[in-house]
Amino acid sequence: MKELTNSLDDKRSNPTKSKTFAEIVRVARSRRDVVKGGLASAAAFLGGGLIKGQSDVVLPNRAGLTDFRPVTRNQAANRLIRVSADYRYQVIIPWGEPITPGGPAFTYPSNAEDQANQIGVGHDGLWYFPDRDARDAVNRRGLLAINHEFGTNGHVIGKGTPESLEDVRLSQNAHGVSIVGILRENGVWKVYDACSARRIHANTPTSFSGPAAGSPLLDTSNGNNPRGTINNCGCGPTPWGTYLTCEENIQGYFGASTGDNWVANPHQERIGFTSGGFGYGWHLFDKRFDLADDGYQNEENRFGWVVEIDPYDANHVPVKRTALGRFKHENAAIAIGKDRRVACYMGDDQVFEYVYKFVGDDDYIKYLNDGESPLDHGTLYVARFNEEFTGEWLALDADSEALSRFSSQAEVAVYTREAADLLNPTPMDRPEWLTVAPDGSVFCALTNNTDREEPNAANPEAPNNDGHIIRIYDGDMHVGTTFSWEIFQLASSKADTEEAYSDPDSIYCDPDGRLFIGTDGGQELNMDNQLLVADVVTGDVKRLLAGVPGCEITGTTMTPDRRTMFINVQHPGNGSLANTNFPASNGFENPGVPRDATVVIYRRNGGIVGS
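Residues numbered from 1 in each chain as written. Predicted model: local features only at pLDDT ≥ 70, side-chain atom pairs only at ≥ 80, totals over all residues. Heavy atoms only, no water.

> I keep staring at the overall build of the chain and nothing clicks. Help me out?
Broken down by element type, the chain carries ten helices and 30 strands. Looking at the 611 residues of the chain, the share that counts as buried comes to 61%. Residue pairs at least 24 apart in sequence account for 67% of intrachain contacts in the chain once pairs closer than 6 positions are excluded. As presented, the chain carries roughly 20,500 Å² of accessible surface, and 45% of it is formed by carbon and sulfur atoms. (Helix = DSSP H or I, 4+ residues; strand = E, 2+ residues; numbered from the N terminus. Buried < 20%, exposed > 50% of the residue type's maximum accessible area, 1.4 Å probe, protein only. Contact = heavy atoms within 4.5 Å. Areas by Shrake-Rupley, 256 points an atom, 1.4 Å probe, with all protein chains shown as cover.)

> I tried to follow the nonpolar core on my own but got confused; where do I start?
Side chains that are nonpolar tend, in soluble globular proteins, to be buried together. Counting 67 residues, the largest nonpolar core has Leu-144, Leu-515, Leu-531, Phe-566 and Ile-601 as the members making the most contacts within it. In this view, Leu-144 contacts Ile-93, Leu-126, Trp-127, Tyr-128, Ser-178, Ile-179, Val-180, Ile-182, Thr-557, Phe-566 and Thr-598; residues no more than four positions away in its chain are not counted. Counting residues in hydrophobic clusters, the runner-up holds 37 residues, among them Leu-244, Ala-323, Tyr-354 and Ala-398. (Core = buried A, V, L, I, M, F, W, Y, C linked by side-chain atoms within 4.5 Å.)

> Help me out: how do you make sense of the sheet that holds strand β29 (residues 564-570) in this one?
Strand-to-strand pairing in sheets goes through backbone hydrogen bonds, with the strands running parallel or antiparallel. Spatial ordering of the open sheet is given by β2-β30-β29-β28, a layout of four strands whose pairing is antiparallel. At either margin of the open sheet sits one strand with a lone partner, and together these are β2 (87-92) and β28 (552-558). Pairwise comparison of adjacent strand axes, ignoring direction, gives a mean angle of 25° for this sheet. Inspection of the sheet shows β29 paired to strand β30 (residues 597-603) by six bridges, in the antiparallel sense. When the sheet's bridge partners are listed, Thr-564 is paired in β30 with Tyr-602. (Pairing = 2+ DSSP bridges. Axes fitted to C-alpha atoms, helices over the stretch in contact; angles between N-to-C directions.)

> Sorry if this is basic, but what is going on with the environment of Val-355 here?
Here Val-355 is to be found in strand β16 (residues 355-363). Counting along the chain gives 28 residues from Val-355 to Ala-383, while the straight-line C-alpha distance between them is 5.6 Å.

> Looking at this structure, I do not really get the pattern of salt bridges. What am I missing?
For side chains bearing opposite charge, pairing can occur when the charged atoms are close. By the definition in use, this model includes 34 salt bridges. Across the salt bridge formed by Glu-185 and Lys-190, the nearest N and O atoms sit 2.6 Å from each other. By relative accessible area, which is 37% here, Glu-185 ends up partly exposed. For Lys-190, a relative accessible area of 42% translates into the label partly exposed. (Salt bridge = Lys/Arg side-chain N within 4 Å of Asp/Glu carboxyl O.)

> Help me understand the state of the cysteines in this model?
A covalent bond bridging the sulfur atoms of two cysteines is what the word disulfide describes. Per the counting criterion, the structure on display carries zero disulfides. Its sulfur unpaired, Cys-235 is 7.2 Å from the next cysteine sulfur, which belongs to Cys-246. Given a relative accessible area of 4%, Cys-235 falls into the buried group. Cys-344 forms no disulfide, and the closest cysteine sulfur to it belongs to Cys-246, at a distance of 7.4 Å. Its relative accessible area of 0% is what places Cys-344 among the buried residues. (Disulfide = S-S within 2.5 Å.)

> Would you take a moment to explain the sheet that holds strand β20 (residues 431-436) for this structure?
Pairing is antiparallel in the open sheet, where nine strands are placed in the order β13-β14-β16-β17-β18-β23-β22-β21-β20. The sheet is open, and its two edges are formed by β13 (329-336) and β20, each paired on a single side. When strand polarity is set aside, the average angle formed by the axes of neighbouring strands in this sheet is 30°. In terms of strand pairing, β13 meets strand β14 (residues 341-348) through six bridges, oriented antiparallel. Its bridge partner lying in β14, Ile-336 is registered against Val-342.

> Teacher, can you tell me more about helix α6 (residues 165-174) here?
For an α-helix the count is 3.6 residues per turn, leaving residues at separations of three or four pointing the same way. With seven of ten residues buried, α6 is to be regarded as a mostly interior element. What α6 keeps buried is the set Asp-167, Val-168, Leu-170, Ser-171, Gln-172, Asn-173 and Ala-174. Elements in contact with the buried residues of α6: α4 (112-115), β4 (141-148), α5 (153-156), β5 (176-185) and β7 (198-200). Gly-176 occupies a position one or two residues after α6 and carries a positive phi of about 105°.

> Would you mind going over unusual backbone geometry with me for this structure?
For residues besides glycine, phi is generally negative; the peptide bonds are generally trans as well. Along the chain, Tyr-108 connects to Pro-109 via a cis peptide bond; the corresponding omega equals -10°. Note that Pro-109 resides in the loop between β2 and α4. A cis amide bond links Phe-582 to the next residue, Pro-583, at an omega of 5°. Tracing the backbone shows Pro-583 in the loop between β29 and β30. You will see that Asp-476, though not glycine, has its phi angle at about 50°, which is positive. By relative accessible area, Asp-476 is classed as partly exposed at 28%.

> For this particular structure, what's the right way to read the pairing of β16?
Walk down a regular strand and you will see the side chains alternate between the two sheet faces. Here β16 lies mainly inside the structure; seven of its nine residues are buried. Across six bridges, β14 lies against β16 in antiparallel orientation. The residue of β16 that forms the bridge with Gly-347 is Val-355. Here β16 pairs with strand β17 (residues 378-385) via five bridges, running antiparallel. Looking at β17, one finds that Lys-357 is bridged to Tyr-381.

> Is there a simple way to think about a nonpolar patch on the surface in this case?
Together, Leu-165, Leu-284 and Phe-285 give the surface a local cluster of nonpolar side chains, amounting to about 240 Å² of exposed area. On the secondary structure map, Phe-285 appears in the loop between α7 (266-271) and β11 (306-309). (Patch = residues over 30% accessible without salt bridge, like charges linked within 9 Å, V, L, I, M, F, W, Y side chains within 5 Å.)

> Is there a simple way to explain the packing of aromatic side chains in this structure?
In this description, a pair of aromatic rings is defined by centroid distance and the angle of the planes. Within this structure, the stated rule accounts for 30 aromatic pairs. For the pair Phe-385 and Trp-485, a centre-to-centre distance of 5.8 Å together with 80° between the ring planes defines the contact as edge-to-face. With Phe-385 in strand β17 and Trp-485 in strand β23 (residues 482-490), this residue pair connects regions lying 100 residues apart in the sequence. On the accessibility criterion, Phe-385 (1% relative accessible area) is buried. Counting every residue linked through ring pairs, the aromatic cluster contains Tyr-253, Phe-254, Phe-273, Phe-278, Tyr-280, Trp-282, Phe-289 and Phe-303. The ring of Tyr-367 is capped by Lys-366, whose NZ or CZ atom sits 6.0 Å from the centre of that ring. (Phe/Tyr/Trp six-rings, centres within 6.5 Å; stacked < 30°, edge-to-face > 60°. Lys NZ or Arg CZ within 6 Å of the ring centre and 35° of its normal.)

> Would you mind showing me how to read the side chain of Asn-298 here?
Considering the arrangement of structural elements, one finds Asn-298 in the loop between α7 and β11. The exposure class of Asn-298 is buried, given its relative accessible area of 16%. From its side chain, Asn-298 meets the backbone oxygen of Pro-216 in a polar contact 3.1 Å long. Apart from the residues lying within four places of it in its own chain, the contact partners of Asn-298 are Pro-216, Leu-217 and Asp-219. (Polar contact = N/O pair within 3.5 Å; in protein donor to acceptor, adjacent residues only side chain to side chain.)

Pasting the structure below:
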C-alpha cells in the first residue's frame, strides 16, 4: 500500500544510526558491477556456491521464456486494463460481491451485516488452493484466499468519520481475509458455493501460538478474548496447505479518546501509534481500539503478526504465529531448507526497516506428525548486509548478551523492532515482498525511500524514488547464518526504455525463473501501475499488464498447471470515481464508487502464463 498512505510508509520511525543499505552498496559498487544480475555472475560471486545443489538446477532455455508481445508504454497510460495481445483477461469478485452465490448483493454504502458476508475491500495478497475433492479439475475449481488491506472511511462507509458503532462495524468487516470458492465453466470463472467459503475480519476470533502465547503482554485488563486481523497486506502459502496472511500498518486503526493529551510509550512509538491513527475513528465507538482505555491495555500488541489460516476448514480459528515476530509484515516466503527445516523470509515495510528470516529447529514434517506447527519452534533472525556482498543473519535471542534487556523471548517477539535495533542490522529502503527462486536464491523488493539524502552508486537518485530488487544467496540451504547478495535490478536503470517501471512491490518467482513484479507508486510517462515479467538470468523485462489510474497491482498466484494467473487491482482511482469506474467497464454494475477486484489472466494459446 502506498498511494493513500505514502506519508506513513515513507515516514521514518527507526531511530538507529546503522549504516544504510545505500552506504554499503556505494562502497561495494567500486568492486563490482552490481547492476548485472543472474546465475552466471552469481556462480563466480559465490565462489563455489552457498546453496547446495545450485549447480544441479536446470532452468529452461532462455529463448522464449517471455515470448509474448508486451504492453507498450503508451498502452500502459490508456486508463483501462491493458494486457499483452497474446493474452486475455477476466475481472472477478470485486469488493462487495457475495462470498457465496445467493448472498447479499452489493449496495453502496453497504451495512455491517451484509459486509460480513461479502468480499472485502483493498484486495492485496492472494493464493489459489485447488479443491481437494476435484482430482480431475484442480485447475478449474478451488479456493481463493484474498487479503483485504485497507479502505478509507470515505470509500467504504461514505463519510469521513464514523457516526455510530454500525459505521465502525461496516469498516471493520470490510477488512481481513476472504476465502471464496471459484470455478471455471465454459472458459469463465465464477463463484460457487464452497463449504469452506467465509469472511475473516476485525472481529473474528483468533488465537496465539509460539513464545508470546500466554504472555501478559497479550492480555488486557478486562480479559477480552483475542479477535480480528487487520491491514492484511502480502501473504504466503505453506507446504502443508495453509495460508499465511500478514498484518502490516496496524497502527492506523487505533486512536486515543483523549486526543492530543495521549502520549505514546516507547513501544508504541517504535511502531508508530498516534492519537488519531489513519482517521478511521474506530476508537470512538469500539473501545478495543482506544489506546487511552486502560481496560484494553495491550490490545495493540495483538496485531502486527503473521496469521495462519486453514482455507479448507471453515471452523479453523486463525492462529497468530508469534515466533515470526511482530512488525509491519509485508509477506512471508517459505522455503524448505537443509534437513527439511522451514525458513520463512519477511520484510518490514517502512523506510529504514529490516529484512528478517525465521528458521525452524527441526524437520517440519516431524512437527506436523506430532500435531505441532513448524512455525512455532525456531530462531528469528534479522539481516545485516555487509560490504563485499556478504551478509549475516543476527539471532534475535533473548538469552544472548546483546538482548539482555529483554526478560523473555515473548518480549522479543512482541517488541521485535526494538530487539533488532540492538543488533545493528541494515536499515533498508522499504522491504516489501520476498520470493524464493528455483535455484534457492531469494529476491526482495525494495519499493523506494524518499528520505534518502545523498546519491550513491547503486541508487544514483536522491531521494530513491524508483526502488530496486536485491537477490540473496542464503547459506547452508536456507538455515545458515551467513549469506551473499547482489543487486538484481535498479528500477531507475530501466528509465526511458520500453521496460520502464518503478516502485517494485509484490514479487513472485515461478519454477522456470520468471520474476513477476507488481508495482505500487508513480510510474513514469503517465503509465498506470503494472505487472511485469523479468528473466532472472538476463534481467530482461516485459510488461504483461497495466492497470487503471490510481491503482496498485499486487499479488500473484496461479493454478497448478500455471495456465491461469490471478492478480489484484487495489484501490482503483484511489477511491475516486472521477479517476475510474473500474470494474464497471468490465461488466459489473456501477454503484457510484470504484471497487477493488481480482483479474484472471490467460495466454490465448493456452500456454504457461508469463511465457
